[in-house]
Amino acid sequence: MARTAVVAGVGPGLGESVARRFHEEGCSVGLFARSGSYLEALADDLGERALAVPTDIADPDAVADGFDAVREAFGPVDVLVNNASGAAWKGTTEITHEQFDRALDVGVRSALYCSQEAVEDMLDGDGGTVLFTGATTSVRGREGAIGFSANKFAARGMAESMARELGPDGVHVAHVVIDGQILAEGAPERTGRPVDSFLDPDAIAAEYWRLVEQDRTAWTLELDLRPSVEEF
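Note that the coordinates shown come from a computational prediction; the quantities given were computed from them, not determined experimentally.

Cut-offs used in this document
Each chain carries its own residue numbering, running from 1 in the written order of its sequence. Where local features are concerned, this predicted model is filtered to residues with pLDDT of at least 70; where side-chain atom pairs are given and counted, the filter is 80 or more; whole-chain, interface and lining totals use all residues. Excluded from the side-chain calculation are hydrogens and water; included are all heavy atoms of the structure. We call a set of buried Ala, Val, Leu, Ile, Met, Phe, Trp, Tyr and Cys residues a nonpolar core when their side-chain atoms join them within 4.5 Å. Relative accessibility decides the category of a residue: with a 1.4 Å probe and only protein chains considered, values under 20% of the type maximum give buried, values over 50% give exposed, and everything between is partly exposed. Elements are defined by DSSP. Helices are runs of H or I of four residues or more, strands are runs of E of two residues or more, and each kind is numbered from the N terminus. Every residue pair with non-hydrogen atoms within 4.5 Å of one another is taken to be in contact. In protein, a polar contact requires one atom able to donate a hydrogen and another able to accept it; more generally it is a pair of N or O atoms within 3.5 Å, and residues adjacent in sequence count only if both atoms are side-chain atoms.

**Student:** Report on the nonpolar core, specifying residues and quantitative values.
**Tutor:** The biggest cluster of nonpolar side chains holds 33 residues, and the ones touching the most others in it are Val18, Phe22, Leu31 and Tyr208. Top element by residues in this core is helix H7 (residues 201-213). It accounts for 6 residues. Among residues more than four places away in sequence, those in contact with Tyr208 are Leu14, Val18, Phe22, Val81, Leu131, Phe132, Thr133, Val176 and Ile178.

As structure tokens, then:
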């Protein structure tokens, strides 16, 4: 079955791995992020079933325009991955109101804007899949990261609420807890940690695809992924 997917928050690492995996599986993929030059290069590398959509996903009008561009190119959206996140790593007395608002804009409000656009297509069609990228801080607040913790907790609650609301209508909503650090080039050498203490972004992307393909009688609500070696 050919699908149209939007990955909201594409960058080197998990976002790119998800986009590549979904494209390999036959999806047409809309790539959403603010970095136009990076997106264009990635879309060119993927080929004709990929569309770069430079978008400030914290702006609901920009999100609506971006989804319209994807629909015009590929048709209605069947799959959405809410992968964006951004927050100042500051504590209670250090974070500014503007920084806290930005954390919620990028991590929570953007997920709502994208989900509203995508779910409209899914409800008009034969359902679909909405995935949320979570983190350790989705379930356990982290010291000195009040904005990041708040946005990840809120996104998890949003995912659970959407799952119960939309599941009966054929929309699978799942939240993925990324419980550890994602592998980046040179990270083992810089940190002195073994490769197995990091999560491979390509392996995570493979699990995301399994969620898309799950049978409707056995949907996952929350998937917890962690490396085989605990962080030092």
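**Student:** I'd love a proper account of the side chain of Ser17, names of residues and values included.
**Tutor:** With respect to the helices and strands, the residue Ser17 is situated in helix H1 (residues 14-24). Looking at Ser17, the relative accessible area reads 8%, which means it is buried. Within polar-contact distance, the side chain of Ser17 engages the side chain of Asp202 at 2.8 Å. With sequence-adjacent residues up to four places away left out, Ser17 is seen in contact with Pro201, Asp202 and Ala205.

**Student:** For the environment of Ala2, give the residues involved together with the corresponding values.
**Tutor:** By the secondary structure assignment, Ala2 is in the segment before strand E1 (4-8). The exposure class of Ala2 is exposed, given its relative accessible area of 67%. Taking C-alpha positions, Ala2 is 16 Å from Gly47, a pair spaced 45 residues apart along the chain.

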